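Below are the chains, spelled out letter by letter.
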Amino acid sequence: MKIFTKRKDLSQYLEQLRSDGKTIGFVPTLGALHNGHLSLLVRAQQETDKVVCSIFVNPTQFNDPKDLEKYPRPITADIEKLEQAGCDALFNPEVSEMYAGNEQWHLEIGELEHLLEGKFRPGHYQGVTQVVFKLFNIVKPDKAFFGQKDYQQVLVIQKMVEILKLPVKLVMCPILRETDGLAMSSRNIHLSAGDRQHALVLSKTLNWLMENFDRTKMPALTRECAAMISAEPGVELEYFEIANGENLHKSDQQTKEIVALVAVKVGVTRLIDNMILA
Ligand code: PAF
């Protein structure tokens, strides 16, 4: 695997591949890679000729400086995983390579920015769109692969792609779960053994909802799920919503795509999860 820290060098390498007629797949990440990330890589390998992964802990998307500071950065282990998975190139820039001082960025993405995650993490999606726009400009991928776990992020990036008419196709890949149901996340390493047990309430509740889903009972089901999660010791519910999968408005009976989304704090660790219901 080729490793690049400078955008110019990566661009040159990719230019050559493109002139050889190769399609480029891109898997952007914050690192601390787990099997969920690797499943994006496998999908990218199936759908494109060459795959670039980026590892960059983007400071502008962290609204909490403590969260940024403690974000795991196991770069040696990450490189090994990417090598083993047959990734073609890694882009691992320093902050100074990506940002020239205090850059201004604002993209008008409408309500999606302020709903659910946006409400609890103000400014987060501006930081995400800022860095993904930069990364897309450097990599110029044919396809970019994102995990369904960050469902709202995929909608936000899709919106950016549409607004700025970026020539890239987004592919949303299913959530990967541990055998006990916990959605894979780089943040799971912060969970104590006790927290981890309590965190299972998320997938249990989403599975229960899937089994009992009834379009005519969405308000009651939402309340019931929220109560199930709130009743779990050590778990603080931020939101539980059954939403329209296209715009994240509260879902009604006519809605075609329906998704349940949840965010909690378990101890000091913030976790999100979701399930597509229809
Ligand atoms: O989902 C992530 O890992 C990040 O938000 C992303 C898309 C790599 C942007 O920093």
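Shown above is the structure to which this text applies.
This report concerns the structure included in the present document. (Residues numbered from 1 in each chain as written. Predicted model: local features only at pLDDT ≥ 70, side-chain atom pairs only at ≥ 80, totals over all residues. Heavy atoms only, no water.)

In terms of regular secondary structure, the protein is built from ten helices and nine strands. In terms of overall size, the protein behaves like a compact globule, its C-alpha atoms giving a radius of gyration of 19 Å where 278 residues would be expected to give roughly 19 Å. Summing over all exposed atoms, the protein offers an accessible surface of approximately 13200 Å²; the carbon and sulfur share of this is 51%. (Helix = DSSP H or I, 4+ residues; strand = E, 2+ residues; numbered from the N terminus. Rg over C-alpha atoms; globule rule 2.2 N^0.38 Å. Areas by Shrake-Rupley, 256 points an atom, 1.4 Å probe, with all protein chains shown as cover.)

This brings us to the side chain of Ser 54. Counting through the fold element by element, Ser 54 comes out in strand β3 (residues 50-55). Ignoring any residue separated from it by four or fewer positions in sequence, one finds Ser 54 in contact with Phe 26, Val 27, Pro 28, Thr 29, Leu 90, Phe 91 and Leu 135. (Contact = heavy atoms within 4.5 Å.)

Okay, the site of the ligand next. Close contacts around the ligand come from Pro 28, Thr 29, Leu 30, Gln 61, Val 131, Val 132, Phe 146 and Gln 153, and that covers them all. Within the contact set of the ligand, an oxygen atom lies 2.7 Å away from a side-chain nitrogen or oxygen of Gln 153. Protein chains shield 90% of the accessible area of the ligand, which is 290 Å² for the free molecule. Residues that form the shell around the ligand fall into these classes: five nonpolar, three polar and no charged. (Near = heavy atom within 4 Å. Polar contact = N/O pair within 3.5 Å; in protein donor to acceptor, adjacent residues only side chain to side chain. Nonpolar A, V, L, I, M, F, W, Y, C, P; charged D, E, K, R; others polar.)

Before going further, it helps to spend a moment on the packing of aromatic side chains. Within this structure, the stated rule accounts for seven aromatic pairs. Centre to centre, the rings of Phe 4 and Tyr 13 are 5.1 Å apart; their planes meet at 35 degrees, and the pair counts as tilted. Using a relative accessible area of 11% as the deciding quantity, one classes Phe 4 as buried. Here the aromatic rings of Phe 136 and Phe 146 are separated by 6.5 Å at their centres, their planes lie at 70 degrees, and the arrangement is edge-to-face. Placement of Phe 136 in helix α7 (residues 124-139) and of Phe 146 in strand β5 (residues 143-147) is noted, with a sequence separation of ten residues between them. With a relative accessible area of 6%, Phe 136 lands in the buried category. Note on Phe 146: relative accessible area 4%, which makes it buried. Here a set of aromatic residues connected by ring pairs shows up, and it is made of Phe 26, Phe 136 and Phe 146. (Phe/Tyr/Trp six-rings, centres within 6.5 Å; stacked < 30°, edge-to-face > 60°. Buried < 20%, exposed > 50% of the residue type's maximum accessible area, 1.4 Å probe, protein only.)

Our focus in this paragraph is the nonpolar core. Counting residues in hydrophobic clusters, the biggest one holds 44 residues, and the most contacted among them are Leu 10, Phe 136, Ile 157 and Leu 248. Looking at this core, the elements that each hand over two or more residues are α1 (7-19), β2 (24-29), β4 (89-91), α7, β5, α8 (151-163), β7 (235-244) and β8 (258-266). For this core, the element with the most residues is α7, which contributes eight residues. Residues in contact with Ile 157, not counting those within four places in the same chain, are Val 128, Val 132, Phe 136, Phe 146 and Leu 170. The next biggest cluster of nonpolar side chains, apart from the first, holds 24 residues, and it includes Leu 200, Leu 209, Cys 225 and Val 235. (Core = buried A, V, L, I, M, F, W, Y, C linked by side-chain atoms within 4.5 Å.)

What follows concerns the pairing of strand β6 (residues 169-173). In this structure, β5 lies alongside β6, joined through five bridges in parallel fashion. Its bridge partner lying in β6, Lys 143 is registered against Lys 169. Tracing the backbone out of β5, into α8 and back to the parallel element β6 gives a crossover that is right-handed. (Pairing = 2+ DSSP bridges. Right-handed = clockwise from strand over helix to strand, strands pointing away.)

Now for α7. Its 16 residues give α7 an end-to-end C-alpha distance of 22 Å, which sits within 8% of 22 Å, the value for a rise of 1.5 Å per residue. Most of α7 sits inside the fold, with 14 of its 16 residues counted as buried. Where α7 terminates, the next one or two residues include Lys 140, which has phi positive at roughly 45 degrees. (Expected span 1.5 Å × (residues − 1).)

We now examine the sheet that holds β7. Adjacent strands of a sheet pair through backbone hydrogen bonds, lying either parallel or antiparallel. Reading across from one edge, β7-β8-β9 is the order of the three strands in this open sheet, with antiparallel pairing throughout. In the strand order of this sheet, the two ends are held by β7 and β9 (269-276), each with one partner. Each strand of the sheet is rotated relative to its neighbour by a mean of 15 degrees, with strand direction disregarded. Of the strands in this sheet, β7, β8 and β9 touch helix α9 (residues 193-212), which is tilted by about 20 degrees from β9. (Axes fitted to C-alpha atoms, helices over the stretch in contact; angles between N-to-C directions.)

What follows deals with the sheet that holds β6. Across the sheet, which stays open at both edges, the six strands sit in the order β1-β4-β3-β2-β5-β6 with parallel pairing between neighbours. Since the sheet does not close on itself, it has two edges, and those belong to β1 (2-4) and β6, each with one partner. Averaged over neighbouring strand pairs, the angle between their axes works out to 25 degrees when direction is ignored. Where helix α2 (residues 35-47) meets the sheet, it contacts β2, β3, β5 and β6, and its direction lies at approximately 155 degrees from that of β5. α8 rests against β5 and β6 of the sheet, and its axis sits at about 170 degrees to β6.

As a further point, take the environment of Val 131. Within the element layout of this structure, Val 131 appears in helix α7. According to the relative accessible area criterion, Val 131 is buried, its value standing at 5%. In this structure, the C-alpha to C-alpha distance between Val 131 and Asp 49, residues 82 residues apart in sequence, is 24 Å.

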